[in-house]
Amino acid sequence: MTVKACIFDFDGTLADSMWVWTAIGNNFLEKYGIAHYDGFSEELALLGFEAGSKTFVERWDLDVTPAQLVEEWQAQAKESYATNVWLKPHAEEYLRELKAQGVKIAVATAQQRLTLDLALKNEGVYDLFDVTLVCDECTTTGKATPAVYLTAAKMLGESVDDCVVFEDVLGPAKQAHAGGFRVVGVFDDSPAQDHAALEAEVDRFINGYDELVGTDPQQLL
């Protein structure tokens, strides 16, 4: 295959930010009297705010509207993404190398447009990306389907065969594969990541972007 474009998840993949989703998830469960359970932050990150709010209101018959939940979550996330979310070591260096070598780059994430833009601008990399896409703009199912990756590839003007998806969570990695993409798994120390299962699923697994800096993108996989 020829690598013409790389599509990156944001939280846990490009940025050390899964702690934001964990905090939002824990606050939600506590506020609405729902027993904490392993995997909730992963489920929220998979679905995103829009799809997640509708799913959870229906699941637990909550006395709140999905729109109100989204508003609550956005308020909690806004300050964190604007000031306290940082790219992983060597991530920016690798992104700039890809651009310099003519590889298009995109972000495809389940988070909100507002918080994504705040984080990218805070890190000074907003203008690096050819495409930035959030699930809510193209699907009602978050990353429970390949829709966001397929839309990103279309917006980049590249075929699925020429795009590589970078993900840190097993469920989205499986969906990227279901859409026909090759997938690079990225290590994250969040409890939402099942390291062994992700490594078994993806075409390549990296512990950090230092493994890719200075390498030929055509030898990525």
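Please refer to the structure higher up on the page.
Residues numbered from 1 in each chain as written. Predicted model: local features only at pLDDT ≥ 70, side-chain atom pairs only at ≥ 80, totals over all residues. Heavy atoms only, no water.

Here's the deal with the packing of aromatic side chains
For clarity, the cut-off: Here a pair means two rings of Phe, Tyr or Trp (six-membered ring of Trp) with centres within 6.5 Å. Their orientation is stacked below 30 degrees between planes, edge-to-face above 60, and tilted elsewhere. For the purposes of this entry, the term helix denotes a DSSP run of H or I that reaches at least four residues, the term strand denotes a run of E that reaches at least two, and both are numbered from the N terminus. Residue burial is assigned from relative accessible area. The probe radius is 1.4 Å, only protein chains are included, and a residue is buried under 20% of its type maximum, exposed over 50%, and partly exposed in between. Distance and angle both matter: a charge sits over a ring if NZ of Lys or CZ of Arg is within 6 Å of the ring centre and within 35 degrees of the ring normal.
Taken as a whole and assessed by the stated rule, the structure comprises 17 aromatic pairs. Here Phe28 and Phe40 contribute two aromatic rings whose centre-to-centre distance is 5.6 Å and whose plane-to-plane angle is 10 degrees, an arrangement assigned as stacked. Residue Phe28 is located in helix H1 (residues 18-31), and its partner Phe40 is located in helix H2 (residues 40-60); the two are separated by twelve residues in the primary sequence. Exposure remark for Phe28: the relative accessible area of 2% places this residue in the buried category. Put simply, the rings of Trp21, Phe28, Tyr32, Tyr37, Phe40, Phe49, Phe56, Trp60 and Trp73 pair up and form one aromatic cluster. The residue whose ring lies beneath Arg59 is Trp60, and the NZ or CZ to ring-centre distance is 5.0 Å.

Digging into empty space enclosed by the protein
As a reminder of what qualifies: The definitions used throughout rest on a 1 Å grid laid over the protein atoms alone, on which a cavity is an enclosed set of points accommodating a 1.4 Å probe that cannot get out and a pocket is an open set flanked by protein within 12 Å on both sides along at least five of seven lines; lining residues are those having an atom within 4 Å of a point. Grid points are joined across faces, edges and corners, and a volume is the space filled by probe spheres set on the points. Note on residue classes: Ala, Val, Leu, Ile, Met, Phe, Trp, Tyr, Cys and Pro are nonpolar, Asp, Glu, Lys and Arg are charged, and everything else, Gly too, is polar.
Under the definition given, this model contains one cavity of 30 Å³ or more. Looking at the largest cavity, its volume works out to about 90 Å³. Lining the largest cavity are 14 residues, and of these Asp9, Asp11, Ala45, Leu46 and Val169 sit closest to its centre. Elements with a minimum of two residues in the lining of the largest cavity: H1 and H2. Ranked by residue count, the leading element in the lining of the largest cavity is H2, at three residues. Its residues placed into classes, the lining of the largest cavity shows seven nonpolar, one polar and six charged.

None of this, on its own, says anything about what the molecule does.
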